[in-house]
Amino acid sequence: MSTLAHHRPQAQSEPEAADGAGDQALILLNPRSFRMSLRQRVDRIRSLAGKRTLAIVEASEPGQMQQALNHARKAGCRLIIVVGGDGTLQGVVTLLAASQATPPNILMLGGGRTNYTARDIGTSDQLLATLEAALDDPGKLSVTSRQSLELDHPDIGIQHGFFLAAALVDFVIRDAHRFRSQGSGLLRTGHLSSAICLSRLAALGLIGRSGFVAPELSIDAGALGLLEGPTRLLIATTLTHQADLIDPYIAVGDGPVRLTAVLKQAQGFWRRLPRLMRGHHWPGMNTRSGYLSGRCEEVRVHGLTGIALDGQEFDLDPGIPLSIRPGPMFRFLHR
């Protein structure tokens, strides 16, 4: 693990554009993330950091991240450059939130498969060019804020992230993780592995052998509504999805938490799924017909045995409710 070094690029012309980007910075890189195995990206990032005598820490475990972030905080680091997937960022923001100190700016460079949060911020592409801009000319970068989700359950403590998946989506994520872990060939670990896994599940689903069992849930979203019964779909986020074709949250209700839940017996689910994926409302879409979607302040869910938060798997005691509420704001740099 490298020692933190001073890094002071040229002064920024617009302080609000990238406040603090010219102070000490740390690159926190997860070498196990998917895109780091392509085109010698790790070596190129190491080279960029070395030429600028900038600290780079390669970490894939929470303990390694904690040590690096503690070191960065003591050194007065104002910028954390995260190179990894959604799960890497989830671990970083959880550790930063637990410190109860003002978090540094974050530059999230999507190094995973989906890069869900990086896509929302606008930093999922041109990884190396964006990194160079942050190191050499931070004044050209802008700042955007994103509020995190805060999950609270005795089995996982308090976790922070940006996208929660349960029921069918959690099942698909876990199945994909198992599929990839059972081999080392390109069909299991390469670009096509996700498509292969989904196709396999779809084929099994057509003959009733996918293995998915809709959990019996009680989802209390306060003023937005209450949904109870075997649940096919449960997702929540604080992201905006402004540039995404898929935005499966209806524009109703108030609050930072965006939620969509659908019961197994929801009326016309498959026929209406394309509209739901675009966030379109239709007459009769309500909890009586098996749908709950919109914005709220907090959600309490009884009956969950597991969730995926930014792709990270967590197992839960279904007898204890999971609380989903807005967490701290984080400031992200982007081009």
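Just so we're clear, the structure is a prediction, and the values are computed from it rather than from any experiment.

> Can you lay out the overall build of the protein for me, pointing to particular residues and giving the numbers?
Broken down by element type, the protein carries nine helices and 15 strands. Expressed as a percentage of its 335 residues, the buried residues of the protein come to 53%. A fraction of 73% describes how many contacts in the protein between residues 6 or more apart in sequence connect residues 24 or more apart.

> Could you give an account of the packing of helix H2 (residues 62-74) against helix H3 (residues 86-98), with specific residues and numbers?
Where H2 meets H3, the axes come as close as 10 Å, and the angle between the chain directions of the two elements is 50 degrees. What the angle tells us is that H2 and H3 run oblique. The way H2 lies across H3 gives a crossing that is right-handed. Taking contact as the criterion, the partners of Pro62, Met65, Gln66 and Leu69 in H2 are, on H3, Thr88, Gly91, Val92, Leu95 and Leu96. Among the residues forming the contact of H2 with H3, the class breakdown is six nonpolar, three polar and no charged.

> Can you tell me about unusual backbone geometry, naming the residues and giving the values?
Backbone geometry places Ala167, a non-glycine residue, at a positive phi of 60 degrees. Checked against the element boundaries, Ala167 lands in strand E7 (residues 163-167).

> Please give an account of the side chain of Arg174 that cites residues and values.
Positionally, Arg174 belongs in helix H6 (residues 168-181). The buried category is assigned to Arg174, whose relative accessible area is 13%. At 3.0 Å, the side chain of Arg174 forms a polar contact with the side chain of Asp315.

> Describe helix H9 (residues 269-277), naming the residues involved and giving the relevant values.
Of all the residues in H9, the buried ones are Phe269, Arg272 and Leu276. Across the axial projection of H9, the buried residues extend over an arc of 75 degrees, all falling on one side. Among the exposed residues of H9, those pointing more than 90 degrees away from its buried face are Trp270, Arg271 and Pro274. Looking at the buried positions of H9, the neighbouring elements they touch are strand E9 (226-237), strand E10 (257-263) and strand E11 (291-296). Once H9 finishes, Gly279 follows within two positions and takes phi at roughly 75 degrees, a positive value.

> Describe the packing of helix H1 (residues 41-51) against helix H5 (residues 127-136), listing the residues and the values that go with them.
Running from N to C, H1 and H5 cross one another at 10 degrees; their axes reach a closest spacing of 11 Å. Classified by the angle their axes make, H1 and H5 are roughly parallel. For the pair H1 and H5, the contacting residues are Arg44, Ile45 and Leu48 in the first and Leu127, Leu128, Leu131, Glu132 and Leu135 in the second. For the contact of H1 with H5, a count of residues per class yields six nonpolar, no polar and two charged.

> An account of the pairing of E9 is needed here, citing residue identities and associated values.
The side chains of a regular strand alternate between both faces of the sheet. For E9, the tally of buried residues reaches nine of twelve residues, placing the bulk of the element in the interior. Alignment of E7 against E9, held across five bridges, turns out to be antiparallel. Bridging from a neighbouring strand, Ala166 pairs with Leu234 of E9. Here strand E8 (residues 216-220) runs beside E9; their pairing, made up of five bridges, is antiparallel. Across the sheet, the residue bridging to Asp220 is Leu226, located in E9. With antiparallel pairing between neighbouring strands as the criterion, E8 and E9 make up a hairpin whose turn holds five residues, including Gly222 at a positive phi of roughly 60 degrees. Of the strand pairs in this sheet, E9 and E10 are connected by six bridges, and their pairing is antiparallel. Bridge assignment links Thr237 to a residue of E10, and that residue is Arg258.

> Residues and numbers for the packing of aromatic side chains, please.
Overall, the coordinates contain five aromatic pairs when judged by the stated rule. Relative to Phe163, the ring of Tyr116 has its centre 4.6 Å away and its plane inclined at 55 degrees; by these criteria the two rings are tilted. Of this pair, Tyr116 sits in helix H4 (residues 116-121) while Phe163 is found in strand E7, placing the two residues 47 residues apart along the sequence. Here the two residues Tyr116 and Phe163 agree in accessibility, since each one is buried. Where Phe162 meets Phe332, the ring centres are 6.0 Å apart and the plane angle is 70 degrees; that geometry is what we call edge-to-face.

> Talk me through the pattern of salt bridges; I want residue IDs and the actual numbers.
Any two side chains of opposite charge can pair if their charged atoms end up close together. Evaluation of the coordinates by the stated rule reveals nine salt bridges. Of the charged contacts, one joins Arg174 and Glu313 as a salt bridge, the two residues approaching to 3.6 Å between their closest N and O atoms. One end of the pair, Arg174, is in helix H6; the other, Glu313, is in strand E14 (residues 312-315), with 139 residues separating them in the sequence. In this structure Glu313 comes out as partly exposed when scored by relative accessible area, which is 37%.

Analysis parameters
Residue positions within a chain follow its written sequence, with the count starting from 1. With the structure being a predicted model, the display of local features is reserved for residues of pLDDT at least 70 and the display and counting of side-chain atom pairs for 80 or more, all residues being used for whole-chain, interface and lining totals. To get the side-chain values, all heavy atoms of the structure are used, and hydrogens and water are removed first. In DSSP terms, a helix is any run of H or I states spanning at least four residues, a strand is any run of E spanning at least two, and both are numbered starting from the N terminus. Each residue's exposure class comes from its accessible area (1.4 Å probe, protein chains only) as a fraction of the maximum for that residue type: buried when under 20%, exposed when over 50%, partly exposed otherwise. Any two residues whose heavy atoms approach within 4.5 Å are treated as being in contact. Orientation is described by axes fitted as lines to C-alpha atoms, over the contacting stretch for helices, and by angles from 0 to 180 degrees between their N-to-C directions. Each angle receives one of four descriptions, namely roughly parallel if under 35 degrees, roughly antiparallel if over 145, roughly perpendicular if within 65 to 115, and oblique otherwise. It is the rotation of the near helix from the far one that decides the hand of a crossing: anticlockwise by less than a right angle makes it left-handed, clockwise makes it right-handed. The classification used treats Ala, Val, Leu, Ile, Met, Phe, Trp, Tyr, Cys and Pro as nonpolar, Asp, Glu, Lys and Arg as charged, and all other residues, Gly among them, as polar. Pairing of N or O atoms within 3.5 Å defines a polar contact, subject to two protein rules: one partner must be a possible hydrogen donor and the other a possible acceptor, and residues neighboring in sequence count only if both atoms are side-chain atoms. Regarding the arc, it is the one traced by the directions from the helix axis to the C-beta atoms. For two strands to count as paired, DSSP must find a minimum of two bridges between them. Two aromatic rings, drawn from Phe, Tyr or Trp (for Trp, its six-membered ring), form a pair once their centres lie within 6.5 Å of each other, and the interplanar angle then sorts them: stacked below 30 degrees, edge-to-face above 60, tilted otherwise. Criterion for a salt bridge: a side-chain nitrogen of Lys or Arg within 4 Å of a carboxyl oxygen of Asp or Glu.

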